[in-house]
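What follows is each chain in one-letter form.
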Amino acid sequence: AADPERLFQRLMRKNQVTREQFEALPPEMKTISLLRSFEREEPTGDPLLSDEELAVFVESFKESGFAGGINWYRNMTHNWASTEDLEQRVRVPTLFIGARDDVVILLDDIEAMRAHVDELRIEMLAPCGHWSQQERPDDVNRLLLEFFGSPDAAGQ
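Residues numbered from 1 in each chain as written. Predicted model: local features only at pLDDT ≥ 70, side-chain atom pairs only at ≥ 80, totals over all residues. Heavy atoms only, no water.

Q: Residues and numbers for the overall build of the protein chain, please.
A: Summing up its helical and strand segments, the protein chain has 10 helices and 4 strands in all. Each helix and strand of the protein chain, ordered N terminal to C terminal, gives the series α-β-α-α-β-α-α-α-β-α-β-α-α-α. Out of the 156 residues in the protein chain, the part that is buried amounts to 23%. About 11,000 Å² of surface is accessible on the protein chain, with carbon and sulfur atoms providing 54% of the total. Charge centroids of the protein chain, computed over 17 positive and 30 negative side chains, lie 3 Å from each other. (Helix = DSSP H or I, 4+ residues; strand = E, 2+ residues; numbered from the N terminus. Buried < 20%, exposed > 50% of the residue type's maximum accessible area, 1.4 Å probe, protein only. Areas by Shrake-Rupley, 256 points an atom, 1.4 Å probe, with all protein chains shown as cover. Lys, Arg positive; Asp, Glu negative; His and termini not counted. Charge placed at Lys NZ, Arg CZ, Asp CG, Glu CD.)

Q: Just give me the short version of the pairing of strand β4 (residues 120-125), but keep the residues and values in it.
A: Alignment of strand β3 (residues 94-99) against β4, held across 6 bridges, turns out to be parallel. Paired with Phe96 across the two strands is Ile122, which belongs to β4. Regarding topology, helix α7 (residues 107-112) serves as the crossover connection from β3 to the parallel β4, and that connection is right-handed. (Pairing = 2+ DSSP bridges. Right-handed = clockwise from strand over helix to strand, strands pointing away.)

Q: Quick one: what's the story with a negative patch on the surface, residue by residue and with numbers?
A: The grouping of Asp3, Glu5, Asp51, Glu52 and Glu53 at the surface amounts to a negative patch. As for its placement among the helices and strands, Asp51 is situated in helix α4 (residues 51-64). Residue classification places Asp51 among the exposed residues on the basis of a relative accessible area of 63%. (Patch = residues over 30% accessible without salt bridge, like charges linked within 9 Å, V, L, I, M, F, W, Y side chains within 5 Å. Salt bridge = Lys/Arg side-chain N within 4 Å of Asp/Glu carboxyl O.)

Q: Before we move on, could you go through the nonpolar core and cite the residues and values that matter?
A: With 8 residues, the main nonpolar core is built from Leu7, Phe8, Met12, Leu48, Leu49, Leu54, Val58 and Phe66. Of all the secondary-structure elements, those providing two or more residues to this core are α1 (4-11) and α4. The contacts of Phe8, once residues within four sequence positions are left out, are Leu54, Phe57, Val58, Phe61 and Phe66. If you look at the next biggest cluster of nonpolar residues, it comprises 6 residues, including Ala99, Cys128, Val140 and Leu143. (Core = buried A, V, L, I, M, F, W, Y, C linked by side-chain atoms within 4.5 Å. Contact = heavy atoms within 4.5 Å.)

Q: Any chance you could break down the pattern of salt bridges for me, citing the residues and the numbers?
A: Counted under the stated rule, the structure contains 12 salt bridges. The shortest N-O distance in the salt bridge between Glu111 and Arg114 comes to 2.8 Å. By relative accessible area, which is 42% here, Glu111 ends up partly exposed. What you see here is one network of salt bridges that share partners, running through Arg121, Glu123, Arg136, Asp139, Arg142 and Glu146.

Q: How would you summarise the packing of aromatic side chains if you had to cite specific residues and measurements?
A: A full pass over the atoms with the stated rule returns 6 aromatic pairs. For the ring pair Phe8 and Phe61, a centre distance of 5.1 Å and an interplane angle of 50 degrees mean the geometry is tilted. On the criterion of sequence distance, the pair formed by Phe8 in helix α1 and Phe61 in helix α4 is long-range, its members being 53 residues apart. Judged by relative accessible area, Phe61 falls into the partly exposed class, the value being 27%. With a centroid separation of 5.2 Å and an interplanar angle of 80 degrees, the aromatic rings of Phe147 and Phe148 are classed as edge-to-face. Residue classification places Phe147 among the partly exposed residues on the basis of a relative accessible area of 23%. An aromatic cluster is built from Phe8, Phe57, Phe61 and Phe66, whose rings are joined through pairwise contacts. (Phe/Tyr/Trp six-rings, centres within 6.5 Å; stacked < 30°, edge-to-face > 60°.)

Q: Which residues make up the environment of Glu5, and what are the values?
A: Tracing the backbone shows Glu5 in helix α1. Residue classification places Glu5 among the partly exposed positions, given a relative accessible area of 38%. Spatially, the C-alpha atoms of Glu5 and Met29 are 27 Å apart, while their sequence positions differ by 24 residues.

See the structure below:
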């Protein structure tokens, strides 16, 4: 929170590592550490945001801080416990847009959703990393429009 610009300059990157490169790493190196990225003199990969887009993120988080977003993760165990009596099944048509080079989520975990979602459509963007909405906005929008049956999707 002390330096949102530095955070977003390191966080919002593309072309950092492909899934194949990540999978080839020894197990002890398959960790994703935001703190370690701050130790580097220069961030890895290519910037994902323009200067104007970066400024929007920086100014927004200077005003709001990070507690709201982080609290969702902090409360995850409580959320799980408070919903354990609910049916853990999605019964509505569902679209998952993932990215081939997003090493934050394992491909096996994506496929495992099929056991819990009745009508699951999985679309994997490639090449693309974790920030698919910023890296491939036209593809994400096209897939959303197709999924929701928009007449605009046919004209794209």
